[in-house]
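Structural description and commentary
This is what each chain is made of:
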Amino acid sequence: SQELEQSPQSLIVQEGKNLTINCTSSKTLYGLYWYKQKYGEGLIFLMMLQKGGEEKSHEKITAKLDEKKQQSSLHITASQPSHAGIYLCGADEGGTSYGKLTFGQGTILTVHP
Amino acid sequence: DSGVTQTPKHLITATGQRVTLRCSPRSGDLSVYWYQQSLDQGLQFLIQYYNGEERAKGNILERFSAQQFPDLHSELNLSSLELGDSALYFCASSPTQVSSYNSPLHFGNGTRLTVT
């Protein structure tokens, strides 16, 4: 089955700094999803990447999927306290997986004002 | 607000008991997914239903069962509860059987289950 490894496990940055979170898959990804979770709350959909080399941006967050479709990165520019939370990558195996997502362990982001 | 409603928000019960968690998907969504989130296991897929039928099964224990009703709401039943079942249980929904950019999974705020 699909396994996703996220790094780092946690990250503490000063407001205004840039940061990158990585997600590596043991298999070729059919679809890669990024979600954000605030402590004790539900997951909020950020972006989905499907094509090798694809890059998407939303506000100050940019996600990329490598050409081999086995690694994705999430980059936050000029971080703000509102960016704090847990970032999870989720993989869609396609085919008969029927849309279920397998998630990485998450990266806990703390942004100090 | 994702549009996915889960009740109750918190549940405290004793070992050996049985509980039912409820989920109302977003309007128009036919697929419902159940996930369990714990500190040691992370976010684990349990089961998926599409329009009333089971579509995919993950690491769901035999003590757990789920169903999706004609009005599309879903219930997750947990029985013979153990301390290790304490976790955050999420429901997610999507319009179709498969997720995509146009129809990603939308998650509820979860039910926090504490087994004492």
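What this report covers is the structure whose coordinates are included nearby. Quick caveat, the model's predicted, so the values are computed rather than measured.

Right, let's talk about the overall build of chain A for a bit. Secondary structure assignment for chain A yields 0 helices and 11 strands. Along chain A, from the amino end to the carboxyl end, the secondary structure elements read β-β-β-β-β-β-β-β-β-β-β. Over its C-alpha atoms chain A spans a radius of gyration of 13 Å, differing by no more than 12% from the 13 Å that the globule rule assigns to 113 residues. Expressed as lengths along the three principal axes of its C-alpha atoms, the size of chain A is roughly 45 × 30 × 20 Å. Partitioning the contacts of chain A with sequence separation of at least 6, the portion at a separation of at least 24 is 54%. Accessible area of chain A: about 5600 Å², with a carbon and sulfur share of 47%. Separation of charge centres in chain A, based on 11 positive and 11 negative side chains, amounts to 2 Å.

Take the sheet that holds strand 1 (residues 4-7) of chain A next. Residue and element names in this part refer to chain A. One open sheet accounts for 5 strands, arranged 1-3-8-7-6; its pairing is antiparallel. Pairing within the sheet leaves two strands with one partner each, and these edge strands are strand 1 and strand 6 (55-58). Geometrically, the sheet is characterised by an average inter-axis angle of 15° between neighbouring strands, direction not taken into account. As paired elements, strand 1 and strand 3 (residues 19-25) share 4 bridges and run antiparallel to each other. Following the sheet pairing, Ser-7 is matched in strand 3 by Asn-22.

Parameters and conventions
Residues numbered from 1 in each chain as written. Chains lettered and ligands numbered in written order. Predicted model: local features only at pLDDT ≥ 70, side-chain atom pairs only at ≥ 80, totals over all residues. Heavy atoms only, no water. Helix = DSSP H or I, 4+ residues; strand = E, 2+ residues; numbered from the N terminus. Rg over C-alpha atoms; globule rule 2.2 N^0.38 Å. Contact = heavy atoms within 4.5 Å. Areas by Shrake-Rupley, 256 points an atom, 1.4 Å probe, with all protein chains shown as cover. Lys, Arg positive; Asp, Glu negative; His and termini not counted. Charge placed at Lys NZ, Arg CZ, Asp CG, Glu CD. Pairing = 2+ DSSP bridges. Axes fitted to C-alpha atoms, helices over the stretch in contact; angles between N-to-C directions.

Note that all results are geometric; they support no functional claim without further evidence.
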